[in-house]
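Single-letter residue listing:
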Amino acid sequence: MQRGSLKAVKYQGAKAWRAQWRENGKGRTRILGFCADLSRGDARIQLDRILLAVNDQAARSSSSLDTLRRFVEDEYLAQMTRIWKASTASTTEQIIQTHILGAFGQRPLATITRKELQAHLDAMAHSGLSFSVVARVRWQLRAIFRMAKSDGLIAIEPAEALVTPVPKTAMDKRVIGPAEIIRAQMVHELRERLILRLAVCEGMRPGEIVGLQFGDVRADSIHVERRVYRGKVDTPKSARSRRLIPPTPATRELLATYVAMLGEKRPDEWLFASENGKTPLSYANVYRRRIQPALEKVGLGHVTFQILRRSWVTEYGQVEDDPHVRAKIAGHSVDVHENEYRQGKIEAMQLSMDKLGKRLQ
């Protein structure tokens with residue numbers, strides 16, 4: 001805690017009170033007023049007011065918020081959970097607790113260096129964690145330390161220049177083709193076949209599928225109005241995710257058969273209900289108990305909902321040239337749709353190179 005110094009100096013041809021103190025490790029100077037107009041006592045009061053904020057910041061830096069864990073739990077999460085969706089909060093807090101606080105939680109904020117953080121990301125990548133997990137840890141590190149710097153708790157932001165250390169692996173980008181998609185459908189009963197088709201032929205996320213109600217299914221479109229994440233009914237993932245999807249003819253017929261089999265239902269009843277009929281089906285349970293065992297019988301046990309959606313994006317790109325149309329149906333921005341989900345097929349790449357060869361020969 002500092003008191004600073006006060007000295008009468010010559011300023012603009014007259015004596016004036018000059019205040020000096022240190023802030024964030026740097027010397028600060030300010031002329032408070034001319035001695036003829038301001039007594040030493042009044043000048044001291046002005047300096048004390050300045051130092052009140054400086055000393056308060058210093059006290060915060062030396063308090064319990066000094067450790068990364070205390071700052072994250074008391075400041076960062078308290079602020080960010082005000083704007084995060086419930087599903088985002090649950091997954092992000094788990095990532096922060098496991099991969100950030102588990103490694104650096106007890107460390108004082110100011111002692112953590114960029115080299116240590118980068119080494120931690122490198123170790124995560126080499127341990128076999130997916131690119132997406134490592135990238136999310138990097139993003140959270142940057143956000144946490146950026147807030148700590150804006151709060152005046154650290155002078156240097158160590159996470160700004162961090163890089164995600166490895167490219168996405170082939171496993172991260174796996175897709176299946178038309179023959180496998182047909183084979184996957186043949187081994188399922190009506191409900192599971194419809195769920196699978198909505199994922200791989202209409203490009204719906206699993207939470208959006210089980211979040212469908214009877215009123216969302218119209219004659220010419222499926223209305224995505226909600227999703228279910230970890231058992232909680234929520235709004236769609238983003239504003240773009242709230243959308244209309246014109247179903248493919250085969251899915252339209254399958255939907256009609258399924259709805260007719262269930263009989264008359266209220267618009268607000270779940271299309272895929274759990275056993276009690278009052279809550280939506282758990283897509284994780286139906287995948288683990290019904291869908292994956294059936295897929296394993298035809299050599300497709302590795303197929304997940306993520307692979308189904310990525311396969312739809314890739315196949316849809318073969319028949320629809322307009323990226324804006326593809327992104328709108330997927331509920332993506334064009335950039336995410338093209339760079340994160342759509343995979344280049346070797347046949348399509350070969351065809352394009354053949355076309356180029358003919359043009360240039």
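Residues numbered from 1 in each chain as written. Predicted model: local features only at pLDDT ≥ 70, side-chain atom pairs only at ≥ 80, totals over all residues. Heavy atoms only, no water.

Peer 1: Which parts of the structure should I look at to understand the overall build of the protein?
Peer 2: Helix and strand content of the protein: 14 helices and seven strands. Considering the protein as a whole, with its 361 residues, one finds that 40% of them fall into the buried category. Sequence separation of at least 24 residues holds for 61% of the intrachain contacts in the protein that already meet a minimum separation of 6. With the model as given, the accessible surface of the protein reaches about 20200 Å², and the carbon-plus-sulfur share is 53%. (Helix = DSSP H or I, 4+ residues; strand = E, 2+ residues; numbered from the N terminus. Buried < 20%, exposed > 50% of the residue type's maximum accessible area, 1.4 Å probe, protein only. Contact = heavy atoms within 4.5 Å. Areas by Shrake-Rupley, 256 points an atom, 1.4 Å probe, with all protein chains shown as cover.)

Peer 1: Just checking my understanding: could you explain the environment of Arg40 for this structure?
Peer 2: One can find Arg40 in helix 1 (residues 40-61). It is 7.8 Å that separates the C-alpha atoms of Arg40 and Trp17, two residues lying 23 residues apart in sequence. Not counting residues up to four positions away in its chain, the partners in contact with Arg40 are Leu6 and Trp17.

Peer 1: Sorry if this is basic, but what is going on with the pattern of salt bridges here?
Peer 2: Close approach of charged atoms allows side chains of opposite charge to pair. Applying the stated criterion across every chain yields a total of 16 salt bridges. Put simply, Glu160 and Arg146 hold a salt bridge, and the shortest N to O gap is 3.6 Å. In this pair, Glu160 is assigned in the loop between helix 5 (131-150) and helix 6 (178-186) and Arg146 in helix 5, connecting sequence segments 14 residues apart. On the basis of relative accessible area, Arg146 is assigned to the partly exposed category, the value being 40%. Close ionic contact of Glu208 with Arg243 constitutes a salt bridge, the shortest N to O distance being 2.9 Å. (Salt bridge = Lys/Arg side-chain N within 4 Å of Asp/Glu carboxyl O.)

Peer 1: Any chance you could explain a nonpolar patch on the surface here in plain terms?
Peer 2: A contiguous nonpolar patch, built from Ile182, Met186 and Val187 and spanning about 310 Å² of accessible area, is present on the exposed surface. Secondary-structure assignment places Met186 in helix 6. (Patch = residues over 30% accessible without salt bridge, like charges linked within 9 Å, V, L, I, M, F, W, Y side chains within 5 Å.)

Peer 1: Hey, could you run me through the confidence of the model for the protein in this one?
Peer 2: When pLDDT drops low, the exact placement of atoms in the prediction is not to be read closely. Chain-level statistics for the protein give a pLDDT mean of 85 and a share of 87% at 70 or above. Mean pLDDT across the secondary structure elements of the protein bottoms out at helix 13 (residues 334-341), with 52, and peaks at helix 7 (residues 190-200), with 95. (pLDDT = per-residue confidence, 0-100.)

Peer 1: Sorry if this is basic, but what is going on with the sheet that holds strand 3 (residues 26-34) here?
Peer 2: Strand pairs in the sheet, formed through backbone hydrogen bonds, run parallel or antiparallel to each other. The strand order across the open sheet formed by three strands is 1-2-3, and the pairing between neighbours is antiparallel. Each of the sheet's edge strands pairs with one partner strand only, and the pair in question is strand 1 (5-11) and strand 3. This sheet shows a mean twist of 35° between the axes of neighbouring strands, independent of strand direction. Where strand 1 lies against strand 2 (residues 14-23), seven bridges are found, and the strand directions are antiparallel. Looking across to strand 2, one finds that Lys7 is bridged to Arg18. (Pairing = 2+ DSSP bridges. Axes fitted to C-alpha atoms, helices over the stretch in contact; angles between N-to-C directions.)

Peer 1: How should I be thinking about unusual backbone geometry in this particular structure?
Peer 2: Residues apart from glycine generally show negative phi values, whereas peptide bonds are mostly found in trans. In the Ramachandran plot, Gln12 falls in the positive-phi region, its phi being about 55° despite a non-glycine side chain. Relative to the helices and strands, Gln12 is located in the loop between strand 1 and strand 2.

Peer 1: So what exactly am I meant to see when it comes to the nonpolar core here?
Peer 2: In globular proteins that are soluble, nonpolar side chains generally tend to be buried together. In this structure, Ile195, Leu198, Met204, Phe272 and Leu308 are the most contacted members of the largest nonpolar core, which totals 41 residues. Breaking this core down by element, the ones donating at least two residues are helix 6, helix 7, helix 8 (206-210), strand 4 (222-224), helix 9 (249-262), helix 10 (283-296), helix 11 (305-319) and helix 12 (323-330). For this core, the element with the highest residue contribution is helix 7, accounting for seven residues. Setting aside anything within four residues of it in sequence, one finds Leu308 in contact with Ile176, Leu196, Ala199, Val200 and Val303. Within the second largest apolar cluster, 31 residues are counted, among which are Ile95, Ile100, Phe104 and Val134. (Core = buried A, V, L, I, M, F, W, Y, C linked by side-chain atoms within 4.5 Å.)

Peer 1: Got a minute to help me understand the packing of aromatic side chains in this structure?
Peer 2: This model, assessed by the stated rule, comprises six aromatic pairs. Aromatic side chains Tyr76 and Trp84 sit 6.2 Å apart centroid to centroid with 75° between the ring planes, which places their arrangement in the edge-to-face category. With a relative accessible area of 1%, Tyr76 lands in the buried category. Feature note: the residues Tyr283, Tyr287 and Phe305 constitute an aromatic cluster, connected by ring pairs. (Phe/Tyr/Trp six-rings, centres within 6.5 Å; stacked < 30°, edge-to-face > 60°.)

Peer 1: Quick question: what am I supposed to make of the side chain of Thr92 here?
Peer 2: Mapping Thr92 onto the fold places it in helix 3 (residues 86-104). The exposure class of Thr92 is buried, given its relative accessible area of 4%. Reaching out from Thr92, the side chain makes a polar contact with the backbone oxygen of Thr88 at a distance of 2.7 Å. Beyond its immediate stretch of four places on either side in the chain, Thr92 contacts Trp84, Arg136 and Gln140. (Polar contact = N/O pair within 3.5 Å; in protein donor to acceptor, adjacent residues only side chain to side chain.)

Peer 1: Got a minute to help me understand the packing of helix 7 against helix 9 in this structure?
Peer 2: Relative placement of two packed helices is described by the angle separating their axes and the distance separating the axes. Close contact between helix 7 and helix 9 brings their axes to 10 Å; oriented N to C, the two are set at 145°. When you trace helix 7 past helix 9, the crossing you get is left-handed. Residues Leu190, Arg191, Arg193, Leu194, Arg197 and Leu198 of helix 7 form the contact with helix 9, whose own contacting residues are Ala250, Thr251, Leu254, Leu255, Thr257, Tyr258 and Met261. Class assignment for the residues of the contact of helix 7 with helix 9 results in eight nonpolar, two polar and three charged. (Left-handed = near helix turned anticlockwise from the far one by under 90°. Nonpolar A, V, L, I, M, F, W, Y, C, P; charged D, E, K, R; others polar.)

Peer 1: Sorry, what's going on with the side chain of Asp216 here?
Peer 2: Considering the arrangement of structural elements, one finds Asp216 in the loop between helix 8 and strand 4. Engagement of the side chain of Asp216 in a polar contact is seen with the side chain of Arg226, the distance being 2.5 Å. Once you skip the residues sitting within four places of it in the chain, Asp216 turns out to touch Gly211, Ser221, Ile222, His223, Glu225 and Arg226.

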